[in-house]
Amino acid sequence: MIELIELIKPDLLSVSHFTVLIIFSFVTSALTAVMGVGGGAMLIAVMATFMPAAAIIPVHALVQLGSNGGRCWLLRQHVRRDILLWFFVGSILGALMGGQLAFNLPSEAITLILGCFILASCWLPITRSLGGNKSMATLGGITTFLTMFIGATGPFVIASIKHLIPERRELVSTTAALMSFQHAIKALTFGLFGFAFIDWIGLIGLMVGTGFLGTLAGQYLLERFPNHQYHKILKLLLTFIAIRLIVTSALSLAQ
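Residues numbered from 1 in each chain as written. Predicted model: local features only at pLDDT ≥ 70, side-chain atom pairs only at ≥ 80, totals over all residues. Heavy atoms only, no water.

**Points about the overall build of the chain**
Line of reasoning, step 1. Along the backbone of the chain there are 11 helices and 0 strands.
Line of reasoning, step 2. Of the regular secondary structure in the chain, the N- to C-terminal order runs α-α-α-α-α-α-α-α-α-α-α.
Line of reasoning, step 3. In the chain, buried positions account for 52% of the 255 residues.
Line of reasoning, step 4. By element, 71% of the accessible surface of the chain is carried by carbon and sulfur atoms, the whole surface being about 11,700 Å². (Helix = DSSP H or I, 4+ residues; strand = E, 2+ residues; numbered from the N terminus. Buried < 20%, exposed > 50% of the residue type's maximum accessible area, 1.4 Å probe, protein only. Areas by Shrake-Rupley, 256 points an atom, 1.4 Å probe, with all protein chains shown as cover.)

**Observations concerning the nonpolar core**
Line of reasoning, step 1. If you look at the biggest cluster of nonpolar residues, it comprises 36 residues, and the most contacted ones within it are Ile161, Tyr230, Leu234 and Leu238.
Line of reasoning, step 2. For this core, the element with the highest residue contribution is helix 11 (residues 227–254), accounting for 7 residues.
Line of reasoning, step 3. In this structure, Leu21, Val46, Ile56 and Val59 belong to the second largest nonpolar core, which totals 24 residues. (Core = buried A, V, L, I, M, F, W, Y, C linked by side-chain atoms within 4.5 Å.)

**Section: the packing of aromatic side chains**
Line of reasoning, step 1. Counted under the stated rule, the structure contains 2 aromatic pairs.
Line of reasoning, step 2. An angle of 75° between the planes, with centres 4.9 Å apart, marks the rings of Phe195 and Phe197 as edge-to-face. Accessibility assignment for this pair places Phe195 and Phe197 in one class, buried.
Line of reasoning, step 3. Looking at Arg76, its charged tip hangs above the ring of Trp73, at a distance of 3.8 Å from the centre. (Phe/Tyr/Trp six-rings, centres within 6.5 Å; stacked < 30°, edge-to-face > 60°. Lys NZ or Arg CZ within 6 Å of the ring centre and 35° of its normal.)

**Thoughts on helix 8 (residues 154–161)**
Line of reasoning, step 1. In terms of burial, helix 8 is largely enclosed, as 8 of its 8 residues are buried.
Line of reasoning, step 2. Listed as buried for helix 8 are Gly154, Pro155, Phe156, Val157, Ile158, Ala159, Ser160 and Ile161.

**Re the pattern of salt bridges**
Line of reasoning, step 1. By the definition in use, this model includes 3 salt bridges.
Line of reasoning, step 2. Ionic pairing is found between Arg80 and Asp82, a salt bridge with its closest N-O pair at 2.9 Å.
Line of reasoning, step 3. For Arg80, a relative accessible area of 23% corresponds to the partly exposed category.
Line of reasoning, step 4. Since its relative accessible area comes to 53%, Asp82 is described here as exposed. (Salt bridge = Lys/Arg side-chain N within 4 Å of Asp/Glu carboxyl O.)

**A look at the packing of helix 4 (residues 53–74) against helix 10 (residues 201–222)**
Line of reasoning, step 1. In the contact formed by helix 4 and helix 10, the axes pass within 9 Å of each other and the chain directions differ by 35°. Of the two possible hands of crossing, helix 4 and helix 10 adopt the one that is right-handed. Residues Val59, Leu62, Val63, Gly66, Ser67, Gly70, Arg71 and Leu74 of helix 4 form the contact with helix 10, whose own contacting residues are Ile204, Met207, Val208, Phe212, Thr215, Leu216 and Gln219.
Line of reasoning, step 2. Class assignment for the residues of the contact of helix 4 with helix 10 results in 9 nonpolar, 5 polar and 1 charged. (Axes fitted to C-alpha atoms, helices over the stretch in contact; angles between N-to-C directions. Left-handed = near helix turned anticlockwise from the far one by under 90°. Contact = heavy atoms within 4.5 Å. Nonpolar A, V, L, I, M, F, W, Y, C, P; charged D, E, K, R; others polar.)

**Details of a nonpolar patch on the surface**
Line of reasoning, step 1. A cluster of nonpolar side chains, namely Ile23, Phe26, Val27, Met42, Phe212, Leu213 and Leu216, defines an oily patch on the protein surface of about 570 Å² accessible area.
Line of reasoning, step 2. Breaking the nonpolar patch down by element, the ones donating at least two residues are helix 2 (15–35) and helix 10.
Line of reasoning, step 3. Note that Met42 resides in helix 3 (residues 39–50). (Patch = residues over 30% accessible without salt bridge, like charges linked within 9 Å, V, L, I, M, F, W, Y side chains within 5 Å.)

**Side note on the packing of helix 3 against helix 4**
Line of reasoning, step 1. At a closest axis distance of 10 Å, the pairing of helix 3 and helix 4 adopts a crossing angle of 140°. One element, helix 3, and the other, helix 4, form an angle in the oblique class. Where helix 3 crosses over helix 4, the two elements pack in a sense that is right-handed. Contact residues: helix 3 offers Gly40, Leu43, Ile44, Met47 and Ala48, while helix 4 offers Ile56, Ile57, Val59, His60, Val63 and Gln64. (Parallel < 35°, antiparallel > 145°, perpendicular 65-115°, else oblique.)

**Focus on the confidence of the model for the chain**
Line of reasoning, step 1. Looking at the chain as a whole, its pLDDT mean stands at 81, while 86% of the residues score no less than 70.
Line of reasoning, step 2. The element-level mean pLDDT for the chain is lowest in helix 1 (residues 2–8), coming to 69, with helix 10 highest at 91. (pLDDT = per-residue confidence, 0-100.)

**Section: helix 10**
Line of reasoning, step 1. Taking 1.5 Å of rise per residue, the 22 residues of helix 10 would be expected to cover 32 Å, and the 30 Å separating its terminal C-alpha atoms lies within 8% of that figure.
Line of reasoning, step 2. Of the positions making up helix 10, those classed as buried are Leu203, Ile204, Met207, Thr210, Gly211, Gly214, Thr215, Gly218, Gln219 and Leu222. (Expected span 1.5 Å × (residues − 1).)

**Regarding the side chain of Ser91**
Line of reasoning, step 1. Turning to its location among the elements, Ser91 is positioned in helix 5 (residues 84–99).
Line of reasoning, step 2. Its relative accessible area of 0% is what places Ser91 among the buried residues.
Line of reasoning, step 3. In contact with Ser91, other than residues within four places in its own chain, are Gly140, Gly141, Thr144, Phe181, Gln182 and Ile185.

**Remarks on the environment of Val20**
Line of reasoning, step 1. In this structure, Val20 sits in helix 2.
Line of reasoning, step 2. Residues Val20 and Met47, spaced 27 residues apart in sequence, show a C-alpha to C-alpha distance of 9.4 Å.

**What to know about the environment of Trp200**
Line of reasoning, step 1. Structurally, Trp200 is set in the loop between helix 9 (168–192) and helix 10.
Line of reasoning, step 2. With sequence-adjacent residues up to four places away left out, Trp200 is seen in contact with Pro10, Leu12, Leu13, Met51, Pro52, Ala55, Val59 and Phe195.

Have a look at this one:
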């Protein structure tokens, strides 16, 4: 077994780190399948511990494409298709702008702003006016631009649209559809800018596989989750993620 792992793992990872990443792909996909958010941010934090900085966001993009794509397929009957198109249009524009800058700008200040916005979205009615074609295109553009730098913008997206979609399965599935497209564009952009995905293909494939198993486990729990409790827990989870982003970014900027 160790010999097989040695054959498929990237040279820059140890066997133990390779194994931890595969396991966490299952855990974080299950979390996201239940709550619609949280797993991507958790996974990128784990990846940042073990992987070289230049590989984190491109690899995370393909792994999250697999995770969100599987969740979107399993819950496809609940997807709110009426809000997808304009978000997709905005996402393409955001990727074109962000891809040119992603390798040159520091992410701490952007992460700090993102954390503040998520926190405000949870506790203030600042996104209640969101709706319509232009607003969804703007959301797609902003979040795709940001994801080129910080990887996990799922909390931003779900914090912005949760008031539009009160039913938990519709919210989880629609967020998965939006994030699938966003991660696909991001992965394509990094590929066009020269990132060597082939060096990481073994890890990506296994993480996508265990992520799909996590999605199946999370879907089982989602079907049994009361709607009113879901939104209370989602609000607390988003608040925790936002505070963590703010504190981590502030400490980095202060150094």
